[in-house]
Amino acid sequence: MLYQDTVDTQVLVHKPWFVALIFGIVLATFLMFDLTSTSFGELMRPVIGEPAQSGFFGRFAIALVVAVAFCANVVLIGFAPLKVQVAVVWFELLLLFLAFFQSFKLSLPFILANLPYLITQGVLTTVYVSAVSLFFASLIAIIAAVAKLSSNGFAYAIASFYTSFFRGLPLLMQIYLIYLGLPQLGIVINAIPSGILALSLCIGAYMAEIFRAGILSIDRGQWEASRSMGFGFGLTMRRIILPQALPVIVPPMGNTFIAMLKDSSLVSVLGVWELTFLARTIGQPTFHHMEMLITSSLIYWILSGCLEVAQSWLERHFARSKVR
Amino acid sequence: MNANKVIEAKNVSKWYGTFKVLSDINLTLRKGERIVICGPSGSGKSTLIRCFNRLEAHHDGEISVIGIRLDNKMRNVAEVRKNVGMVFQHFNLFPHMTVLMNCMAGPMWIKGVSEIEAKQKALKFLERVRIPEQANKYPVQLSGGQQQRVAIARSLCMEPAVMLFDEPTSALDPEMVSEVLETMTSLARDGMTMVCVTHEMGFARAAADRVIFMDAGRIVEEAPPNEFFASPQHDRTKLFLSQILSH
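Residues numbered from 1 in each chain as written. Chains lettered and ligands numbered in written order. Predicted model: local features only at pLDDT ≥ 70, side-chain atom pairs only at ≥ 80, totals over all residues. Heavy atoms only, no water.

### Focus on the overall build of chain B
When helices and strands are tallied, chain B shows 9 helices and 10 strands. Compactness check: chain B gives a C-alpha radius of gyration of 18 Å against a globular reference of 18 Å for 247 residues, within 12% of the reference. With the C-alpha coordinates aligned to their principal axes, the bounding extent of chain B is approximately 55 × 45 × 35 Å. Per-residue burial over chain B gives 58% buried out of 247 residues. For chain B, contacts bridging at least 24 residues in sequence account for 66% of all contacts bridging at least 6. Between the centroid of the 30 positive side chains of chain B and the centroid of its 27 negative side chains there is a distance of 5 Å. (Helix = DSSP H or I, 4+ residues; strand = E, 2+ residues; numbered from the N terminus. Rg over C-alpha atoms; globule rule 2.2 N^0.38 Å. Buried < 20%, exposed > 50% of the residue type's maximum accessible area, 1.4 Å probe, protein only. Contact = heavy atoms within 4.5 Å. Lys, Arg positive; Asp, Glu negative; His and termini not counted. Charge placed at Lys NZ, Arg CZ, Asp CG, Glu CD.)

Structure follows, in structure tokens:
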């Protein structure tokens, strides 16, 4: 939460000037577009008559109705308690997006027919690849972060070269390098393991920086207290520093994990049957591209939603020792 | 090597770059002795005390603690640290652990004491610093004075041969200073060997066997407290005392 002053002010959306401003903006915006030929026009038929012949009157009537509805909506939401506000706004935005997708005239039966396979094969592979990469990436990140903080020249050089290389090269290239490049050295790796390897190395490089920042955020006194009691380096790291760094690390880590979940779609270039690969191959032959791509996008959204929930749960868990 | 000597420093010098923070320090601390180190800020007193458990490395001379020479060998340093308790100006309690766990961690993780035994010991020492009722709280829930007493208990749980106090009351509100000093005085009365960097002259009078005055990295004067306060020998000491005692 931001810092909140202890002065109660009137709700912004209940101030007349603000409502008038919104009203003006919405009205002006909708006047710019001619919506008489869309479903808006059809809805307004009783008022404006034949939409195609209504001219400016039709346009104005539609904009007016939209503006009034929008302002009424905003003012009403302003009366609700916080949680209800959040839920209603979420619901309305979601509805708008679904309406947007609806305008593509997608074939629902096609989606429903292919959804089970998309989930059992695609989602499973995506989750599997992401989860395994996530584990290895975290492992690599901790080691790289410690190496980057160490005073050992070799460790620092190797770790900084690693992070620079894998953050600098496009992930797609890394995937190709591992899948197509390593066989040149006689090392042949299957598609899924090489995808996991590439993802782990790339995300590990990003996460190394997050871990480094987290470790650096801990007061020097914690190290001194721990070492002065005779705790070794590993013990200090494991039991004193990392547990305190985790609350700092969790939000950017959630970010990285969500990014990785979607980056895992790049593994599709290796022919791994994950979500994006399946969405493309199922949609292509029957020209149902959009159906499959939008469905897979929504599935990605749901999956990252799960990660968001996990993140906020972790944040609350770590906030405990900070409460007074 | 006399087994009676807990800390022995011979001709210790230390530099920060070209700046000499410690020069030619000679100091011996025997078992059961309490010394107070005072001096103006920047005189090297904190640096010196931090050399005794090698939170800082000295560059010249020799430091032995409980008969072990402090040098570059990690094994020696670790052995010394196990037997030397340190209390910091900013407490440095582990904020993610309860008070009890702060006290149990050392014995359990370093000495391999069982959880039950560590808990008994922790409760005993929390009793000793008179805050057993706070055992299950987190450090942020305690006042500064309480936190510092927990820090003392945490060190005591390791049953150290000597306790180092690095300005233990400097970060405290005035009314909390006395509760910490009382704890320290009662430790001194029970025969704990102590080195204490502090400006609390009342504590020096009550508990110290010797007071050491440092300036510009040197030990300027070393005397029993009554002598030290009644008839300081050096001008620098007189000036310091007149400033610190004038209000």
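We are not done yet, so read on.
### Some points on the pairing of strand 6 (residues 84–87) of chain B
Residues and elements named next belong to chain B. A two-sided burial pattern is seen for strand 6, the buried positions comprising Val84 and Met86 on one face and Gly85 and Val87 on the other. Here strand 6 runs beside strand 7 (residues 162–166); their pairing, made up of 4 bridges, is parallel. Paired with Val87 across the strands is Phe165, a residue of strand 7. (Pairing = 2+ DSSP bridges.)

### Overview of the packing of aromatic side chains
In this structure the tally under the stated criterion is 15 aromatic pairs over all chains. Ring geometry for Phe100 of chain A versus Phe101 of chain A: centroids 5.9 Å apart, planes at 35 degrees, classification tilted. Taken together, a centroid distance of 5.3 Å and an interplanar angle of 70 degrees make the contact between Phe135 of chain A and Phe136 of chain A edge-to-face. Ring pairing ties together the aromatic residues Phe161, Tyr162, Phe165 and Phe166 of chain A, which thus form one cluster. Geometry around Phe229 of chain B places Arg205 of chain B over its ring, the cationic atom sitting 4.4 Å from the centre. (Phe/Tyr/Trp six-rings, centres within 6.5 Å; stacked < 30°, edge-to-face > 60°. Lys NZ or Arg CZ within 6 Å of the ring centre and 35° of its normal.)

### Details of the sheet that holds strand 4 (residues 60–65) of chain B
Residue and element names in this part refer to chain B. Taken in spatial order, the 4 strands make up an open sheet running 2-1-4-5, and their pairing is antiparallel. Each edge of the sheet is formed by a strand with only one pairing partner; in this case those strands are strand 2 (19–30) and strand 5 (68–69). The sheet contact formed by strand 1 (residues 5–16) and strand 2 spans 8 bridges and is antiparallel. Among the inter-strand pairings, Val12 is bridged to a residue of strand 2, identified as Ile25.

### Looking at the interface of chain A and chain B
Taken together, the contact pairs 20 residues of chain A with 25 residues of chain B. The contact between chain A and chain B buries some 1,900 Å² in all, and 62% of this surface belongs to carbon and sulfur atoms. Our count for the chain A to chain B interface comes out at 4 residue pairs in polar contact (both at pLDDT 80 or more). Elements represented by at least two residues in the side of chain A that touches chain B include exactly helix 10 (220–228) and helix 11 (233–263) of chain A. No other element matches the 7 residues that helix 10 of chain A contributes to the side of chain A that touches chain B. (Buried area = accessible area lost by both parts, 1.4 Å probe. Polar contact = N/O pair within 3.5 Å; in protein donor to acceptor, adjacent residues only side chain to side chain.)

### Quick word on helix 5 (residues 144–156) of chain B
Taking 1.5 Å per residue as the helical rise, helix 5 of chain B with its 13 residues ought to reach 18 Å, and the 18 Å between its terminal C-alpha atoms agrees with that figure. Of all 13 residues in helix 5 of chain B, 13 are buried, a share of seventy percent or more. (Expected span 1.5 Å × (residues − 1).)

### Quick look at the domain arrangement of chain A
Considered domain by domain, chain A is made up of domain 1 (12–102) and domain 2 (109–323). Placing a centre on the C-alpha atoms of domain 1 of chain A and another on those of domain 2 of chain A gives a separation of 41 Å. (Domains from an automatic or database assignment.)

### Remarks on helix 2 (residues 74–83) of chain B
Every α-helix winds through 3.6 residues per turn, so residues three or four apart in the chain are directed the same way. Among all positions in helix 2 of chain B, only Asn76, Val77, Val80, Arg81 and Asn83 of chain B are buried. Take helix 2 of chain B and look down its axis: the buried residues cluster within an arc of 165 degrees, on one side only. Buried-residue contacts for helix 2 of chain B involve helix 10 of chain A together with strand 4, strand 5, strand 6 and strand 7 of chain B. (Arc of directions from axis to C-beta.)

### Description of a nonpolar patch on the surface
Residues and elements named next belong to chain A. Together, Phe161, Phe165, Leu172, Met173, Tyr176, Leu177, Leu180 and Val269 give the surface a local cluster of nonpolar side chains, amounting to about 680 Å² of exposed area. Elements supplying a minimum of two residues to the nonpolar patch: helix 7 (153–168) and helix 8 (171–181). A per-element tally of the nonpolar patch places helix 8 first, with 5 residues. Summarising the element assignment, Leu177 is placed in helix 8. Of the residues examined, Leu177 reaches a relative accessible area of 39% and is grouped as partly exposed. (Patch = residues over 30% accessible without salt bridge, like charges linked within 9 Å, V, L, I, M, F, W, Y side chains within 5 Å. Areas by Shrake-Rupley, 256 points an atom, 1.4 Å probe, with all protein chains shown as cover. Salt bridge = Lys/Arg side-chain N within 4 Å of Asp/Glu carboxyl O.)

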